Amino acid sequence: MKKDIDFHPVTGVKLAIAKEEINGNTEWSVYIINLNMIELNTVMITSKGYGLIGGEEKKTSVLRHMIQELGSESMAKIEPIDPALFALTNEYWVSYYILDQIFDKKFIFAVGSMYPTNLSFIPELGLEGVLHS
């Protein structure tokens, strides 16, 4: 059972939603950043969006992603994200192993997180976006 698993606090792992210009178009993507000096193994990420749009409850499909190995001090693109989803709360549940220990954390980008005033330069990506740690 989950209560029997010893989860350690997550440090050195961040999520970002960032934009980049590709052929004159702005494309948004979600990234995982490993700032640790050790690789992460069996990184499992679930993503979903939920909230109200026009007074009506909306939910996205739950997407699951797997990264077998994320090297030390590296990053990986998880998925593209449509800016229309910024009107929802976007939740990412990240689980991974370091050696034989499991780590687990939920990252939530609330409605309003992606307002232009919240964007900043993310040095690890070389892009502008919102960084969640």
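The rules we used
- Counting of residues starts from 1 at the beginning of each chain's written sequence and follows it residue by residue.
- Local features in a predicted model are, by the rule used here, given only for residues with pLDDT of at least 70; side-chain atom pairs are given and counted only at 80 or more, and totals for whole chains, interfaces and linings are based on all residues.
- For side-chain calculations, the full set of non-hydrogen atoms in the structure is used, while hydrogens and water are omitted.
- The helix count covers DSSP runs of H or I at least four residues long, the strand count covers runs of E at least two residues long, and both are numbered beginning at the N terminus.
- Atoms counted for the radius of gyration: C-alpha only. Globule rule: 2.2 Å times residue count to the power 0.38.
- Working definition: with a 1.4 Å probe on protein chains only, accessible area under 20% of the residue-type maximum means buried, over 50% means exposed, and in between means partly exposed.
- Here, a salt bridge means any side-chain nitrogen of Lys or Arg that lies within 4 Å of a carboxyl oxygen of Asp or Glu.
- Two aromatic rings from Phe, Tyr or Trp, using only the six-membered ring of Trp, form a pair when their centres are within 6.5 Å; if the ring planes differ by under 30 degrees the pair is stacked, by over 60 it is edge-to-face, and anything between is tilted.
- Two strands make a pair as long as DSSP finds a minimum of two bridges between them.
- Note that patches include only residues with greater than 30% relative accessible area and no salt bridge, and the join distances are 9 Å for like charges and 5 Å for nonpolar side chains (Val, Leu, Ile, Met, Phe, Trp, Tyr).
- Each accessible area value is a Shrake-Rupley result obtained with a 1.4 Å probe; residue values ignore everything except the protein chains displayed when judging cover.

**Remarks on the overall build of the chain**
Then, in step 1: Check the secondary structure of the chain and you find zero helices and ten strands.
Then, in step 2: When the helices and strands of the chain are read in sequence order from the N terminus, they spell out β-β-β-β-β-β-β-β-β-β.
Then, in step 3: For the chain, the C-alpha radius of gyration of 15 Å lies close to 14 Å, the compact-globule estimate for 133 residues.
Then, in step 4: Projected onto its principal axes, the C-alpha coordinates of the chain cover approximately 45 × 35 × 20 Å.
Then, in step 5: Burial status across the chain gives 38% buried among its 133 residues.

**A look at the pattern of salt bridges**
Then, in step 1: Applying the stated criterion across every chain, the model contains three salt bridges.
Then, in step 2: Here Glu 91 and Lys 48 are joined by a salt bridge, their closest N and O atoms 3.9 Å apart. Residue Glu 91 is located in strand E7 (residues 89-98), and its partner Lys 48 is located in strand E3 (residues 40-53); the two are separated by 43 residues in the primary sequence.

**Some details on the packing of aromatic side chains**
Then, in step 1: Counted by the stated rule, this structure contains three aromatic pairs.
Then, in step 2: Seen from their ring centres, Trp 28 and Phe 86 are 5.1 Å apart, and the 80° between their planes marks the pair as edge-to-face. Note that Trp 28 is positioned in strand E2 (residues 25-34) and Phe 86 in the loop between strand E6 (74-80) and E7, a separation of 58 residues in sequence. Here the two residues Trp 28 and Phe 86 agree in accessibility, since each one is buried.

**Details of the pairing of E7**
Then, in step 1: Burial analysis of E7 places eight of its ten residues in the buried class, the great majority of the element.
Then, in step 2: Bridge analysis of E3 against E7 gives eight bridges, and the strand direction is antiparallel. When the bridges of E7 are listed, Ser 47 appears paired with Tyr 92.
Then, in step 3: As judged from the nine bridges shared by E7 and strand E8 (residues 101-109), these two strands associate in the antiparallel manner. Residue pairing in the sheet places Val 94 in a bridge with Lys 105 of E8.

**Looking at a nonpolar patch on the surface**
Then, in step 1: Where nonpolar side chains cluster on the molecular surface, the patch consists of Met 44, Met 66 and Tyr 97 and spans about 270 Å² of accessible area.
Then, in step 2: The residue Met 66 is located in strand E5 (residues 63-70) in this model.

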